[in-house]
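# Chains, contacts and geometry: an overview
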Amino acid sequence: MKKKINLLIIASVLGIIALSIVQGYLINNTYKLKKDAFIKETRRSISQIDDFSPALDSLSGIWQDTFLNTVSDYKIDLASKSDILDGLQLVMDSINDTYRTEYQKELVKKNIPYGIKFHKKIKAIILLDSIKNDTIFDVEKSAKHIILGDPIADEDAIGVSTTSWQTDHTSSRIINGETKDIVFYLLFLTQDKMDIAGWEKIVFKRMVGLLLLSLLIFSIVIGLLYYSIKNLITQKKIADIKTDFVNNITHELKTPLATLTLATKMLKKDEIQQQPQLVDNTINTIERQNKRLQKLIDQVLNNSLGYNEIQLNKELVVIEPYINTVLDDFLLSVKSKNVMINRAFSEPNQTILLDKFYTTTALLNILENAVKYSGDTIKIDCSVDSKKDLKISIKDNGIGISDHDQKQIFDKFFRAGNKEIHDVKGLGLGLYYTNQIIKAQGGHITVESKEGTGTTFILTIPFN
Ligand code: ADP
C-alpha cells in the first residue's frame, strides 16, 4: 500500500511537471501570437499617418523640393553626391523637431495610447537612366545614416514598411544665358521603423486573463491531487490504526482468558478442591482476571468518548489532600514495583471545583504510564502549582517519547513505535481519554520529554 502511494505521488509529480511544460509552451506560443498581432495592429494604424496628415505631408514637400533641387544641381555638375546627401541631412534636421511633434499629434488623433517612436531611414537613392543607373546613396555600402524622425536603437527597431518614392523630374536652369532642361528619373527608397515603448507590458496585460485562468486551473489540479493523496494517506493511517488496535486488543484479551481457562480447569480438579487455600487463591485469580477483562472493556467503551460527550459532575475539592489520596491509592496498586513519588504543593488548603471521578481517571492514566514506560526503579515527581490555574506536573524517569511521537500521543489508538514498548500492553486510548477529560473541564495537557531521560505531563485546569 505504501509503495502504491509512493508510486502515485511520483506519477502525480511527473504529471504536474509535464503539465507545467505543456502549459509553459502554450503560454509562450500565445505570447508570440499576441505580440505579432499587436505589432501588426500598430503597424496598420500608423502606416498611413504620413500620407493622410496635411502637416506631415507639407513637411515632406519641403525636404523633397530641396532635395530635387540639389539633384538638379548635381546633374549639371554644380553639386557632388555628398553635397546632395549633406543637403538632404541638413533640411531633414531643420524640420525634424516639427516633424516629430506633428507625428505625435497624429498618434494622439489616431487614439494610440502607447508611446511610439517612428523614423524614416533612407535605404537607397538611385537616378535611373536608360544607359546606366547612378546610385547616389546605398545604406548597405555607406557608413552614413540619414534619418527623419526619432532615433531608435537597432535592437528595438520594428519594421513598419518600405516606401518607394519614384519621380520623373524635369526642371529648367539658365546656364550661360541659355535655358536648359534638366531631366532625371529618381528612385528613393526609405525604410519606416518604429519602437513601441513597453510593448512587452502591453502584450502581457492582454494576456493577464489567460494567465490567471491557467494559474487557477493549475492550482485547482494541484489542490485536488494534494487533497486526494492526503486523503489516501489518512485512509491508510486509519487502516493501520485499526489493524494495530485489533492486534492489541486480541493480545490483551488472550492473557486473562487463558488464565481464566486454566483457573477453572484447576478448580475442577479433586486435589485442588480438597485444599481450601488453593481454591481461595484460584478464585482470587479468577476475580483479578475478571476485573482486568472488565477494565479492558470499560477502556474501549468509555475511553473513546469525546470531551463533549463527557458528563461532568463537579464538586468542591481541597487540592492537596485530594491529590495525596490519588497518589497513595496508586502506590498501593503498584506494590509489585519499586515506585517512589515526590510531592510538592505550592498552596496549602487551596480548593477547586472539578469532577473528582474523571480527574482521578486522568491522573491514574498518567501515573500508570509513568510506571509502564519506565525501568525497574521508578521515580515520579508530582508538583502542584495552584497559584493561577491548577497545574499538575507529573515527571517520570522512563524511556521518554521522541519529538515526532510527542505530536501524536494524544491521538486515539496511537502507540509509540519504539521497540521498548512492544512488550508493554496497551490500546493507545489512555492519553486520548485523559486529554478529553482535561479538555471537558476547560483545561489542556502538554508534554515535555527526552528519549532515554523521562517524560513530564502537565495537566492544567482553570479555576473557573
Ligand atoms: P497505551 O499506554 O495504552 O499504549 P496511552 O494513550 O496511554 O496508550 O499512551 C500512548 C503512547 O504514548 C504509549 O503507547 C507510549 O508509547 C507513549 N507514552 C505515554 N506515556 C508515556 C510515558 N510516561 N513515557 C514514555 N512513553 C509514554
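Preceding block: the structure.
Rules of the game
- Residues numbered from 1 in each chain as written.
- Predicted model: local features only at pLDDT ≥ 70, side-chain atom pairs only at ≥ 80, totals over all residues.
- Heavy atoms only, no water.
- Helix = DSSP H or I, 4+ residues; strand = E, 2+ residues; numbered from the N terminus.
- Rg over C-alpha atoms; globule rule 2.2 N^0.38 Å.
- Buried < 20%, exposed > 50% of the residue type's maximum accessible area, 1.4 Å probe, protein only.
- Contact = heavy atoms within 4.5 Å.
- Areas by Shrake-Rupley, 256 points an atom, 1.4 Å probe, with all protein chains shown as cover.
- Lys, Arg positive; Asp, Glu negative; His and termini not counted.
- Charge placed at Lys NZ, Arg CZ, Asp CG, Glu CD.
- Expected span 1.5 Å × (residues − 1).
- Bend = angle between axes of the 7 residues up to and from the residue.
- Near = heavy atom within 4 Å.
- Polar contact = N/O pair within 3.5 Å; in protein donor to acceptor, adjacent residues only side chain to side chain.
- Pairing = 2+ DSSP bridges.
- Salt bridge = Lys/Arg side-chain N within 4 Å of Asp/Glu carboxyl O.

Glancing now at the overall build of the chain. Along its length, the chain carries 11 helices and 12 strands. The C-alpha atoms of the chain give a radius of gyration of 49 Å, which is well past the 23 Å a tight globule of 464 residues would have. Expressed as lengths along the three principal axes of its C-alpha atoms, the size of the chain is roughly 165 × 50 × 35 Å. A burial count over the chain gives 38% of its 464 residues as buried. At a minimum sequence separation of 6, the contacts of the chain that also span at least 24 residues come to 74%. As displayed, the chain has an accessible area near 27700 Å², and 56% of this comes from carbon and sulfur atoms. Counting 58 positive and 56 negative side-chain charges, the chain places the centres of these two groups 9 Å from one another.

Attention shifts here to helix 4 (residues 81-109). Along its 29 residues, helix 4 runs 39 Å from first to last C-alpha, staying within 8% of the 42 Å computed at 1.5 Å per residue. At Asn 96, helix 4 shows its maximal bend, which comes to roughly 50°. Looking one or two residues past helix 4, Asn 111 carries a phi angle of roughly 60°, positive in sign.

As a matter of local geometry, the ligand sits amid 21 residues, with Asn 369, Tyr 373, Asp 396, Arg 415 and Leu 431 nearest to it. Between the ligand and the protein, one listed contact pairs a nitrogen atom with a side-chain N or O atom of Asp 396 at 2.8 Å. Leu 427 places a polar main-chain atom, nitrogen or oxygen, 2.9 Å from an oxygen atom of the ligand. Against a free-state accessible area of 530 Å², the protein chains account for coverage of 98% of the ligand.

Bringing the environment of Asn 342 into the picture now. Relative to the helices and strands, Asn 342 resides in strand 7 (residues 338-345). In this structure Asn 342 comes out as partly exposed when scored by relative accessible area, which is 34%. For the pair formed by Asn 342 and Gln 191, sequence separation is 151 residues and the distance between their alpha carbons is 98 Å. Discounting residues that sit within four places of it in the chain, Asn 342 has contacts with Lys 379, Ile 380, Asp 381 and Cys 382.

The end-to-end C-alpha distance of helix 3 (residues 54-75) is 31 Å, a good match for the 32 Å that 22 residues give at a rise of 1.5 Å each. Every buried residue of helix 3 is accounted for by Leu 56, Leu 59, Ser 60, Trp 63, Phe 67, Leu 68, Thr 70, Val 71, Ser 72 and Tyr 74. Remark: Asp 77 follows helix 3 within two positions and exhibits a positive phi of approximately 60°.

Sheet topology note: the strand 9 (residues 377-385)/strand 10 (residues 390-395) ladder contains five bridges and is antiparallel. Bridge assignment links Asp 381 to a residue of strand 10, and that residue is Lys 395. Between strand 9 and the antiparallel strand that follows it, strand 10, lie four residues. As paired elements, strand 10 and strand 12 (residues 454-461) share six bridges and run antiparallel to each other. Opposite Leu 390, over in strand 12, you have Ile 461 as the bridge partner.

We now examine the pattern of salt bridges. Taken as a whole, this structure holds 13 salt bridges when the rule is applied. Put simply, Arg 206 and Glu 41 hold a salt bridge, and the shortest N to O gap is 3.3 Å. On the criterion of sequence distance, the pair formed by Arg 206 in helix 5 (residues 199-268) and Glu 41 in helix 1 (residues 2-46) is long-range, its members being 165 residues apart. The closest approach of N and O atoms between Asp 150 and Arg 100, which form a salt bridge, is 2.9 Å. With Asp 150 in the loop between strand 3 (147-149) and strand 4 (158-175) and Arg 100 in helix 4, this pair connects stretches of sequence that are 50 residues apart. Asp 150 gets classed as buried once you look at its relative accessible area, which sits at 10%.

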